[in-house]
Amino acid sequence: MSSFNLKVNGNRVSVTVDNDTPLLWVLRDELNLVGTKYGCGIGQCGACTVHVDGVAIRSCSVPASGLTDSEITTIEGLATDKLTPVQEAWKELDVPQCGYCQAGQIMTATSFLKQNPSPEKEEIRNAMHGNICRCASYNRIEKAVALAAKKMS
């Protein structure tokens, strides 16, 4: 076990875990930030998506020990006093059904729209392709990303 410091949602935190412990389990088990979900454990479904230095990553497949100099943002830290345009769009279009994948979907969409604030439909589809939704809400997800882009412009 090793102790190291992370910066999560703007706060410095100290954790003691094995060096190879995935960020997902540090967030959920050590820091009680349970908005980031476990889906597949191999970085394929997107339920565990968080931002590291503003870029969407799969937290289940990245050791937390390698992120001591990074800014980590979870769904809990995405909005402080008001919803982001992506969250507003999700709410406005009533996107979630079961909701399990939604944190990962929102984190992916937010990172994507920072890189591409005026995407075409096909670009949205490609960007969101790696996030699996068990309820198949893909059409509403795509519409919400497009609406969020309009809200941001």
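Here the structure is shown first, and the text comes after it.
Residues numbered from 1 in each chain as written. Predicted model: local features only at pLDDT ≥ 70, side-chain atom pairs only at ≥ 80, totals over all residues. Heavy atoms only, no water.

A.B. asks: Help me understand the packing of helix H4 (residues 102-115) against helix H5 (residues 121-128) in this model?
C.D. replies: Each pair of packed helices gets described by two things: the angle between the helix axes and the distance between those axes. In the contact formed by H4 and H5, the axes pass within 10 Å of each other and the chain directions differ by 130°. With respect to each other, H4 and H5 are oriented oblique. As H4 runs across H5, the sense of the crossing is right-handed. Contacts between H4 and H5 involve Gln105, Thr108, Ala109 and Phe112 from the first element and Glu123, Ile124, Ala127 and Met128 from the second. Looking at the contact of H4 with H5 residue by residue, the class counts come to 5 nonpolar, 2 polar and 1 charged. (Axes fitted to C-alpha atoms, helices over the stretch in contact; angles between N-to-C directions. Helix = DSSP H or I, 4+ residues; strand = E, 2+ residues; numbered from the N terminus. Parallel < 35°, antiparallel > 145°, perpendicular 65-115°, else oblique. Left-handed = near helix turned anticlockwise from the far one by under 90°. Contact = heavy atoms within 4.5 Å. Nonpolar A, V, L, I, M, F, W, Y, C, P; charged D, E, K, R; others polar.)

A.B. asks: What is the right way to look at the pattern of salt bridges in this model?
C.D. replies: Proximity of charged atoms lets side chains of opposite charge pair with each other. Overall, the coordinates contain 4 salt bridges when judged by the stated rule. Where Glu71 meets Lys7, a salt bridge forms, and the shortest distance between an N and an O atom there is 3.5 Å. Here Glu71, found in strand S5 (residues 71-73), pairs with Lys7, found in strand S1 (residues 2-8); they are 64 residues apart in sequence, far enough to count as distant. Glu71 sits in the partly exposed class, given a relative accessible area of 25%. Here Glu88 makes a salt bridge to Lys151, at a shortest N to O gap of 4.0 Å. Of this pair, Glu88 sits in helix H3 (residues 85-92) while Lys151 is found in helix H6 (residues 138-152), placing the two residues 63 residues apart along the sequence. Assessed through its relative accessible area of 31%, Glu88 is described here as partly exposed. Salt bridges sharing partners connect three or more residues here, namely Glu88, Glu92 and Lys151. (Salt bridge = Lys/Arg side-chain N within 4 Å of Asp/Glu carboxyl O. Buried < 20%, exposed > 50% of the residue type's maximum accessible area, 1.4 Å probe, protein only.)

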